[in-house]
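Chain by chain, the residues:
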Amino acid sequence: LGASAALTPNVFILICMLSTAYMAHFNAPKFYTELKDNTIKRYNTVVGTSFGVSVLIFALVASLGFLTFGSNCSGLILNNYSGKDALMSLSRVAVAISIVFSFPLAFVGARDGWLDLLKVPSKDRTDSVLTKATLAILTGVTVV
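Conventions we followed
- Residues numbered from 1 in each chain as written.
- Predicted model: local features only at pLDDT ≥ 70, side-chain atom pairs only at ≥ 80, totals over all residues.
- Heavy atoms only, no water.
- 1 Å grid on protein atoms, 1.4 Å probe; cavity = no way out; pocket = protein on both sides within 12 Å on 5 of 7 lines; lining within 4 Å.
- Points joined across faces, edges and corners; volume = space filled by probe spheres on them.
- Helix = DSSP H or I, 4+ residues; strand = E, 2+ residues; numbered from the N terminus.
- Nonpolar A, V, L, I, M, F, W, Y, C, P; charged D, E, K, R; others polar.
- Salt bridge = Lys/Arg side-chain N within 4 Å of Asp/Glu carboxyl O.
- Buried < 20%, exposed > 50% of the residue type's maximum accessible area, 1.4 Å probe, protein only.
- Expected span 1.5 Å × (residues − 1).
- Polar contact = N/O pair within 3.5 Å; in protein donor to acceptor, adjacent residues only side chain to side chain.
- Contact = heavy atoms within 4.5 Å.

**A few points about the layout of surface pockets**
Stage number 1. Volume-wise, the second largest pocket comes out at about 160 Å³.
Stage number 2. Lining the second largest pocket are Phe26, Asn27, Pro29, Lys30, Gly109, Asp112, Gly113, Asp116, Ser122, Arg125 and Leu130.
Stage number 3. At the level of secondary structure, the elements contributing two or more residues to the lining of the second largest pocket comprise helix H2 (28–34) and helix H5 (103–117).
Stage number 4. At four residues, H5 tops the list of elements feeding residues into the lining of the second largest pocket.
Stage number 5. Residues that form the lining of the second largest pocket fall into these classes: three nonpolar, four polar and four charged.

**Brief notes about the pattern of salt bridges**
Stage number 1. By the definition in use, this model includes four salt bridges.
Stage number 2. Taking the shortest distance from any N to any O, the salt bridge between Asp112 and Lys30 comes out at 3.2 Å. Separated by 82 residues along the polypeptide, Asp112 in helix H5 and Lys30 in helix H2 bring together distant segments of the chain.
Stage number 3. Here Asp124 ties to Lys123 by a salt bridge, and the two come within 3.6 Å at their closest N and O atoms.
Stage number 4. Taking the relative accessible area as the measure of exposure, Asp124 reaches 35% and is therefore partly exposed.
Stage number 5. For Lys123, a relative accessible area of 69% gives the class exposed.
Stage number 6. In the salt-bridge network here, residues are joined through shared partners; they are Lys30, Arg111 and Asp112.

**Notes on helix H4 (residues 86–100)**
Stage number 1. Taking 1.5 Å as the rise per residue, H4 with 15 residues should run 21 Å; its terminal C-alpha atoms sit 21 Å apart, in good agreement.
Stage number 2. Where H4 starts, the residue carrying a side-chain oxygen 3.1 Å from the main-chain nitrogen of Leu87 turns out to be Asp85.

**With respect to helix H3 (residues 40–69)**
Think of an α-helix as 3.6 residues a turn; residues three or four steps apart then line up on the same face.
Stage number 1. With 30 residues, H3 ought to run about 44 Å at 1.5 Å a step, and its terminal C-alpha atoms sit 43 Å apart, in line with that.
Stage number 2. Gly70, located one to two residues past H3, shows a positive phi value of around 65°.

**A look at the environment of Phe107**
Stage number 1. One can find Phe107 in helix H5.
Stage number 2. Classification of Phe107 as buried rests on a relative accessible area of 11%.
Stage number 3. Distance in space between the C-alpha atoms of Phe107 and Ala24 is 9.9 Å, their sequence separation being 83 residues.
Stage number 4. When residues no more than four places from it in sequence are discounted, the contact partners of Phe107 are Thr134, Ile137 and Leu138.

Structure (structure tokens):
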């Protein structure tokens, strides 16, 4: 296989999966300022622990999926289970909810970016301004 495996259309599935893994990276400065007792050391500990736990969970799920289905395992583990399996159906709903509720993470970064481009100072970003900016951006995206 080697490098030829990276040159197939399937590589785009991997790219999509990796892009969702880094969905909130542009919010890192905001997370730092909102962290209680925010120091670089404490922030690094929180981030390192969070990434470590995420990697362990992903590795565990991937390993169990592969051990269950072997080389016939689909890239999306849930697709291997029957559509009639109630627990797996619940898991599919949970994944859908997770995707829907990741939108605000991306949107807050986009909204803050627009406010930065418009040179709106942080002290002027009241709840009212944030609400109006959110509605304006959503209206613009919806119209386009």
